[in-house]
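So the chains spell out like this:
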Amino acid sequence: MNMLESAQALIQRSAKHLGLKEAEIEAFISPVAEHDFEITVDDITHHAYRIQHNNKRGPFKGGIRFHPHVDKAEVRALATLMSIKGAAVNIPMGGGKGGVAFDPREFDDAHVEKVARAYVRALQEHIGPDKDVPAPDMNTDGAVIDWMVDEYEQLTGDTSKASFTGKSIAGGGSEGREEATGRGGVIALREYCKKHGLNTNGLKVAVQGVGNVGFYFAKIAETELGVSVVAAANSKVMKYNTEGLGFGDKVFSRHIMDELNGEIRPSNDIIQADVDVLVFAALGEVIDTENQAEIQADIVLELANGPVDDEALQQIEARNVRVIPDVIANAGGVIVSYLEWLQNREGEHWGEARVNAKLDEILTSAMSDAMKRAESDGVLLKEAAFVIALERLV
Ligand code: NAD
């Protein structure tokens, strides 16, 4: 089952649980608008999309990815998931997603900048602080977004910078954004443990993926929850140390794996690590019905989008492995994006402590809502998150 099929299955199940009619489900699934266009730069044409899925609760919100595999079906599904995520954590933002089908690593910066600016020119009338607020995603970052904001300002005269989030700090971005998704994962785990009477101090944790999300999760979880991250993997190797890998005093770098002291094992062994909590922070579609039995952890934290497919989810939950779902666990990034948009609109720049406190408040309350709903309705935590989101959206 791929990520899109899993999301559709969850939407269908949650909608049935709520007693929604087929027509209501159809109406929810179909996007408000689909922009499908071409960008020609330096005589090269790239296909581009912006899917605006749902704006019932606020402006469309979602990233723009630059990747050769970008296609309309994928962007549409990701936009739908953004609507679910925003509603599951109760922020006043809708769902959208965009992309350009090209590999920016095959081009120089000048070409990438022209693509970014052309994307904004094509969509100018459809985006903006009250309409659609895009953000970075795969292969796009603060620098790309800063070009987009500049283009948008030149075209419209809007200088609020609230047209995009994920900007550089100098360009109007928010403190705390870089750590936000990892920090959100820590908050979700903390709240889960609190509710179930588990002491986080000394919990053994394994983390697949030590990029932006996995690294900050590991560092903050060690520092603030007292967990021991005993295993970590990137795409090449896994490092294992029963005494803990010591992320607490490390600084983020793309070479972080080389700095960790531990036994070297094959990357994929992370799935069967003998730990309390297994964190997926690398890719989607890692666990399916074929390999779910390898998981030994009691808790799975989904920080990537859709790392556990829907059939595997039901199987591991049936053997009492609890999954803290992506739509809440990895929403820290979109929540701080929302806070960035708020700051830009108010002409403010908050300190990191204020951003983190607000993120904590929003995620704590989202976890509480979902855990209560799972209990009262007898559904899985992931199903509860979808049920709550659909209820707020339909
Ligand atoms: P990243 O590119 O910074 O890091 C990805 C990490 O995963 C790297 O350490 C890489 O080596 C590792 N990896 C790749 N393939 C692997 C494999 N087969 N086995 C083990 N490790 C592997 O990406 P990121 O920003 O940290 O995002 C991680 C995931 O979280 C992505 O799926 C992303 O879509 C999702 N996500 C990110 C954010 C965000 O704010 N960055 C928000 C929500 C969801």
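Anyway, here's the lowdown on the structure attached to this text. (Residues numbered from 1 in each chain as written. Predicted model: local features only at pLDDT ≥ 70, side-chain atom pairs only at ≥ 80, totals over all residues. Heavy atoms only, no water.)

Along its length, the protein chain carries 13 helices and 12 strands. In terms of overall size, the protein chain behaves like a compact globule, its C-alpha atoms giving a radius of gyration of 20 Å where 394 residues would be expected to give roughly 21 Å. Based on the C-alpha atoms only, the size of the protein chain along its principal axes is roughly 55 × 50 × 40 Å. Looking at the protein chain residue by residue over its 394 residues, the buried ones come to 57%. Partitioning the intrachain contacts of the protein chain with sequence separation of at least 6 by distance along the chain shows that 68% fall at a separation of at least 24. Of note, the protein chain has its 40 positive side-chain charges centred 4 Å away from the centre of its 62 negative side-chain charges. (Helix = DSSP H or I, 4+ residues; strand = E, 2+ residues; numbered from the N terminus. Rg over C-alpha atoms; globule rule 2.2 N^0.38 Å. Buried < 20%, exposed > 50% of the residue type's maximum accessible area, 1.4 Å probe, protein only. Contact = heavy atoms within 4.5 Å. Lys, Arg positive; Asp, Glu negative; His and termini not counted. Charge placed at Lys NZ, Arg CZ, Asp CG, Glu CD.)

Moving on, we get to the site of the ligand. For the ligand, the set of nearby residues contains 20 residues, the closest of which are Thr181, Asn212, Val213, Asn234 and Arg254. Here an oxygen atom of the ligand sits 2.8 Å away from a polar atom, N or O, in the main chain of Val213. Separating an oxygen atom of the ligand from a side-chain N or O atom of Arg254 is a distance of 2.9 Å. Protein coverage of the free-state accessible area of the ligand, which is 830 Å², stands at 71%. When grouped by side-chain class, the residues that make up the shell around the ligand number eight nonpolar, 10 polar and two charged. (Near = heavy atom within 4 Å. Polar contact = N/O pair within 3.5 Å; in protein donor to acceptor, adjacent residues only side chain to side chain. Areas by Shrake-Rupley, 256 points an atom, 1.4 Å probe, with all protein chains shown as cover. Nonpolar A, V, L, I, M, F, W, Y, C, P; charged D, E, K, R; others polar.)

What follows is about the sheet that holds strand 5 (residues 132-136). Sheet architecture is open: five strands sit in the order 1-2-4-3-5, paired in mixed fashion. Only two strands of the sheet have a single partner each, and these edge strands are strand 1 (33-41) and strand 5. Between one strand axis and the next, the sheet turns by 20° as a mean value, whatever way the strands run. Strand direction decides the pairing type here: strand 3 (residues 60-66) and strand 5, joined by five bridges, are parallel. When the sheet's bridge partners are listed, Gly62 is paired in strand 5 with Pro134. Running at roughly 140° to strand 1, helix 4 (residues 109-123) makes contact with strand 1, strand 2 (44-54), strand 3 and strand 4 (95-100) of the sheet. (Pairing = 2+ DSSP bridges. Axes fitted to C-alpha atoms, helices over the stretch in contact; angles between N-to-C directions.)

Okay, the side chain of Arg373 next. The topology assignment puts Arg373 in helix 12 (residues 352-377). Setting aside chain neighbours within four positions, we find Arg373 in contact with Leu18, Gly378, Val379, Ala384, Val387, Ile388 and Glu391.

Take the packing of aromatic side chains next. For the structure on display, the rule yields nine aromatic pairs. With 5.6 Å between their ring centres and 45° between their planes, Phe37 and Tyr119 make a pair best called tilted. Highlighted residues: Phe37 in strand 1 and Tyr119 in helix 4, separated in sequence by 82 residues. Pairing Phe102 with Phe107 gives two aromatic rings, centres 5.6 Å apart and planes at 50°, and the pair type is tilted. A relative accessible area of 3% places Phe102 in the buried class. Given the relative accessible area of 24%, Phe107 is considered partly exposed. One residue, Arg265, lies across the ring of Tyr240, its end atom 4.3 Å from the ring centre. (Phe/Tyr/Trp six-rings, centres within 6.5 Å; stacked < 30°, edge-to-face > 60°. Lys NZ or Arg CZ within 6 Å of the ring centre and 35° of its normal.)

In total, this model carries 32 salt bridges according to the counting rule given. In this structure, Glu34 engages Arg76 in a salt bridge whose closest nitrogen and oxygen atoms are separated by 2.5 Å. Here Glu34, found in strand 1, pairs with Arg76, found in helix 3 (residues 72-88); they are 42 residues apart in sequence, far enough to count as distant. Classification of Arg76 by relative accessible area gives partly exposed; the value is 32%. Connected through salt bridges with shared partners, the residues Glu113, Arg117, Arg121, Asp150 and Glu151 form a single ionic network. (Salt bridge = Lys/Arg side-chain N within 4 Å of Asp/Glu carboxyl O.)

Moving on, we get to the sheet that holds strand 10 (residues 277-280). Ordered by their spatial adjacency, seven strands build an open sheet running 9-8-7-6-10-11-12, and the pairing between neighbours is mixed. Pairing within the sheet leaves two strands with one partner each, and these edge strands are strand 9 (263-266) and strand 12 (322-324). Mean inter-strand twist for the sheet, computed between neighbouring axes without regard to direction, equals 25°. Bridge count between strand 11 (residues 299-302) and strand 12: three bridges; the pairing is parallel. Counted as the bridge partner of Leu301 is Ile324 from strand 12.

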